[in-house]
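Listed here are the chains, written in short residue letters.
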Amino acid sequence: MKTKKFTFAEAYNKIPYNEMKGFRAKAKKVLGVKSDNQFCNYKLGKSNLKLNQYAGLVDLFAEYGIKDPIKSI
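This report concerns the structure included in the present document. (Residues numbered from 1 in each chain as written. Predicted model: local features only at pLDDT ≥ 70, side-chain atom pairs only at ≥ 80, totals over all residues. Heavy atoms only, no water.)

**Topic: the overall build of the chain**
Summing up its helical and strand segments, the chain has four helices and two strands in all. Each helix and strand of the chain, ordered N terminal to C terminal, gives the series β-α-α-α-α-β. Along the first, second and third principal axes, the C-alpha atoms of the chain reach 40 × 25 × 20 Å. For the chain, with 73 residues in total, the buried portion stands at 37%. (Helix = DSSP H or I, 4+ residues; strand = E, 2+ residues; numbered from the N terminus. Buried < 20%, exposed > 50% of the residue type's maximum accessible area, 1.4 Å probe, protein only.)

Dropping the structure here:
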């Protein structure tokens, strides 16, 4: 059975540049990763999101006013 892959790169690019560093730090905590490479793997859909990670990212994007941030690929 093939699993769905999710990406949030498009929504991430909508965040103002001066707020990206803070967002990335918060998103790393939500995803439970430490390196930028691991973060990018989730951002681009190379790693599968778990349900709690998905919900945490949706809430985090809502803080920045972005609705429906995660797309399936």
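There's plenty left to go through after this.
**So, the side chain of Thr 7**
Inspection of the secondary structure puts Thr 7 in strand S1 (residues 6-7). Reaching out from Thr 7, the side chain makes a polar contact with the backbone nitrogen of Ala 9 at a distance of 3.3 Å. Discounting chain neighbours no more than four positions away, the residues touching Thr 7 are Lys 43, Leu 44, Gly 45, Pro 69, Ile 70, Lys 71 and Ile 73. (Polar contact = N/O pair within 3.5 Å; in protein donor to acceptor, adjacent residues only side chain to side chain. Contact = heavy atoms within 4.5 Å.)

**Description of the nonpolar core**
Counting 18 residues, the largest nonpolar core has Phe 8 and Leu 31 as its most contacted members. Sorting the residues of this core by element identifies helix H1 (9-12), helix H2 (17-31), helix H3 (36-44) and helix H4 (51-63) as the ones contributing at least two each. Ignoring any residue separated from it by four or fewer positions in sequence, one finds Phe 8 in contact with Leu 31, Phe 39, Tyr 42, Lys 43, Leu 57, Phe 61, Pro 69 and Ile 70. (Core = buried A, V, L, I, M, F, W, Y, C linked by side-chain atoms within 4.5 Å.)

**Here's the deal with H4**
Since the α-helix turns once every 3.6 residues, residues separated by three or four places project in the same direction. Under the 1.5 Å per step criterion, the end-to-end length of H4 is 19 Å for 13 residues, consistent within 8% with the ideal 18 Å. Within H4, burial applies to Gln 53, Gly 56, Leu 57, Leu 60 and Phe 61. For H4, the arc enclosing every buried residue in end-on projection is 135 degrees, short of the 170-degree limit, so these residues lie on one face. Residues of H4 that are exposed and point more than 90 degrees away from the buried face comprise Leu 51, Asn 52, Asp 59 and Ala 62. (Expected span 1.5 Å × (residues − 1). Arc of directions from axis to C-beta.)

**Section: the pattern of salt bridges**
In the structure shown here, the tally under the stated rule is four salt bridges. Between Arg 24 and Asp 36 there is a salt bridge; the shortest N-O distance is 3.4 Å. Here Asp 36 lies in helix H3 and Arg 24 lies in helix H2, a separation of 12 residues in the sequence. Among the residues examined, Asp 36 registers a relative accessible area of 39% and is labelled partly exposed. For Asp 36, the salt bridge is made with Lys 28, and the minimal N-O distance between the two is 2.6 Å. Salt bridges here are not isolated pairs; linked through shared partners, they connect Arg 24, Lys 28 and Asp 36. (Salt bridge = Lys/Arg side-chain N within 4 Å of Asp/Glu carboxyl O.)

Interpretation in functional terms is not warranted from these geometric data alone.
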